[in-house]
Every structure is written in C-alpha cells, then in structure tokens.
Amino acid sequence: MSDTPGAVPGPDGLLRCPWGAGPEDYRAYHDTEWGRVVRGDDALFERLSLEAFQSGLSWLTILRRREGFRSAFAGFRIAKVAAYTAEDAARLLADPGIIRNRMKIDATLHNARVLAGWREGELTELIWSHAPEAQGRRAPVGHGDIPATTAESTALAKDLKKRGIRFVGPTTAYALMQACGLVNDHLADCRFR
C-alpha cells in the first residue's frame with residue numbers, strides 16, 4: 001500500500017504526481033515526457049545516458065543541464081558520439097554544461113561505440129522487448145506503490161550488460177522504463193496518467 005498521498009495540485013490546480021508539481025522544469029518534464037512512449041535508437045541512447053548521469057544525483061540537476069548534454073554529445077546521435085576521440089573526452093571533462101564525471105563520460109562514449117556496431121533499431125527492439133504487460137497492472141496510488149526495480153528491469157540491465165553496455169543496473173533500467181513509457185507510473189489520480 002502507498003506510504004504517501006496521491007497526486008497533488010500544481011500551481012495551475014491540475015493534479016500531478018507529487019514530484020511533478022514542483023519546479024517548472026519538473027512540471028514540464030512530468031506533463032509532456034515522463035511515461036510517454038520513446039522509440040528510436042538515438043532517442044533511447046539519450047535517455048539511457050541521462051539516466052546513467054543521474055545516478056546518485058537529482059533528476060532536476062540533469063533536466064537543468066539537458067541542453068548542455070545534448071550540445072556536448074552531438075544530440076546523442078550514436079554514430080557521432082561513437083567517433084569521439086580522447087580529445088573529445090578531455091573536452092567533456094572540462095565542460096561545465098554537463099556532469100563532469102569521468103566514469104559516466106567514459107561509459108557514454110563506450111556505449112556509443114558498442115551501439116554503433118548494432119543494426120538500426122536493435123536498441124529499440126531490445127529495450128522494448130522487456131516492457132511488462134500493461135494489462136492487469138494496477139496504477140500506483142502513492143509513491144510507495146512504485147518499485148525501484150522489477151524483474152523486467154533486472155532482466156533489461158542484465159541483457160544490456162551482456163551486450164557490452166556499461167553503467168546500467170536494475171534501478172537505472174527501471175528509471176529508463178518509466179521515462180520512456182515502457183511502464184506508466186503516473187499516480188492513479190494524476191491528470192497526466
């Protein structure tokens with residue numbers, strides 16, 4: 001059972017998941033992106049990379065630097081990022097518009113190189129093959145009803161790691177599933193469910 005109340009009114013009076021009623025950055029992301037279907041290898045590479053960068057940080061930190069990330073990582077176009085050199089890595093480590101974490105930057109570059117060897121659509125197919133059945137899945141009533149990991153996110157993380165993708169565990173995989181619409185974790189009374 002949930003341990004927090006359901007949706008709360010935002011400044012406009014619309015009921016939202018509690019985290020989505022906060023700063024404008026959160027509201028915009030909550031209302032227009034989170035839980036909406038994302039397909040396409042480059043788009044999923046962006047979300048996977050941003051979720052990895054978020055690890056240990058606030059999602060708000062990532063949202064506020066998102067355009068900086070897009071600029072630094074060539075719009076997350078896999079082929080472009082895969083061609084980054086050691087000089088590009090040094091540039092990224094000095095870029096104040098992103099999170100300058102060597103392990104996360106190295107993982108992003110490595111992942112792009114791995115994904116560049118996949119056929120077009122393969123990342124999309126792999127991620128979406130782990131989407132749980134929506135039928136019969138109850139809408140969460142409160143935050144306590146939302147898991148941090150699931151059997152599907154654990155399987156997705158294992159599958160990605162087996163294929164050479166770095167910096168993805170079951171929690172990151174579940175956050176990716178939420179962000180890209182594989183699961184809908186908007187609360188039952190959220191206006192944007």
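Residues numbered from 1 in each chain as written. Predicted model: local features only at pLDDT ≥ 70, side-chain atom pairs only at ≥ 80, totals over all residues. Heavy atoms only, no water.

- Per an unreviewed UniProt entry, the protein chain goes by the name DNA-3-methyladenine glycosylase I and belongs to Streptomyces harbinensis.

Looking at the UniProt feature "binding site: Zn(2+)" (unreviewed entry) in the protein chain
Reasoning step 1: In the numbering adopted here, UniProt assigns the feature "binding site: Zn(2+)" (unreviewed entry) to Cys17, His30, His186 and Cys190. For the annotated residues, spread through 174 residues, the largest C-alpha to C-alpha distance comes to 10.3 Å, consistent with a single compact locus.
Reasoning step 2: The contact partners of Cys17, leaving out residues within four places of it in the chain, are Ala7, His30, Asp185, His186, Leu187 and Cys190.
Reasoning step 3: Not counting residues within four places of it along the chain, the set of residues in contact with His30 comprises Arg16, Cys17, Trp19, Gly20, His186, Cys190 and Phe192. (UniProt positions renumbered as here; feature names shortened; annotations may be inferred. Contact = heavy atoms within 4.5 Å.)

Section: the side chain of His130
Reasoning step 1: Turning to its location among the elements, His130 is positioned in the loop between α8 (122-128) and α9 (151-162).
Reasoning step 2: Apart from the residues within four sequence positions on either side, His130 is in contact with Glu152, Ala155, Leu156, Asp159, Met177 and Leu182. (Helix = DSSP H or I, 4+ residues; strand = E, 2+ residues; numbered from the N terminus.)

Some details on the pattern of salt bridges
Reasoning step 1: For the structure on display, the rule yields 16 salt bridges.
Reasoning step 2: Glu125 is the salt-bridge partner of Arg119, the closest N and O atoms lying 2.7 Å from each other.
Reasoning step 3: Overall, the relative accessible area of 47% leaves Arg119 in the partly exposed class.
Reasoning step 4: The class for Glu125 is partly exposed, based on a relative accessible area of 45%.
Reasoning step 5: Between Asp159 and Arg163 there is a salt bridge; the shortest N-O distance is 3.1 Å.
Reasoning step 6: The class of Asp159 is buried, set by a relative accessible area of 13%.
Reasoning step 7: One network of salt bridges, in which partners are shared, links Glu33, Glu46, Arg47, Arg66, Glu67 and Arg70. (Salt bridge = Lys/Arg side-chain N within 4 Å of Asp/Glu carboxyl O. Buried < 20%, exposed > 50% of the residue type's maximum accessible area, 1.4 Å probe, protein only.)

Examining helix α7 (residues 102-116)
Note: α-helices contain 3.6 residues per turn, so residues at a spacing of three or four share the same orientation.
Reasoning step 1: Between the first and last C-alpha of α7 there are 21 Å, a value that for 15 residues agrees with the 21 Å anticipated at 1.5 Å per step.
Reasoning step 2: Those residues of α7 not exposed but buried are Lys104, Ile105, Ala107, Thr108, Leu109, His110, Asn111, Ala112, Val114 and Leu115. (Expected span 1.5 Å × (residues − 1).)

Observations regarding the packing of aromatic side chains
Reasoning step 1: Under the counting rule described, the total for this entry stands at 9 aromatic pairs.
Reasoning step 2: Consider the rings of Phe45 and Phe76, whose centres lie 5.9 Å apart with planes at 70 degrees: the pair is edge-to-face. With Phe45 in helix α2 (residues 41-54) and Phe76 in the loop between α4 (66-72) and α5 (78-82), this pair connects stretches of sequence that are 31 residues apart. Take Phe45 and Phe76: they sit in the same class, and that class is buried.
Reasoning step 3: Aromatic ring contacts, followed pair by pair, group Trp19, Tyr26, Tyr29, Trp34 and Trp59 into a single cluster.
Reasoning step 4: Of note, Arg163 hangs over the ring of Trp118, and the distance from its end group to the ring centre comes to 5.9 Å.
Reasoning step 5: In this structure, Arg191 packs its charged tip against the face of Phe192, placed 5.6 Å from the ring centre. (Phe/Tyr/Trp six-rings, centres within 6.5 Å; stacked < 30°, edge-to-face > 60°. Lys NZ or Arg CZ within 6 Å of the ring centre and 35° of its normal.)

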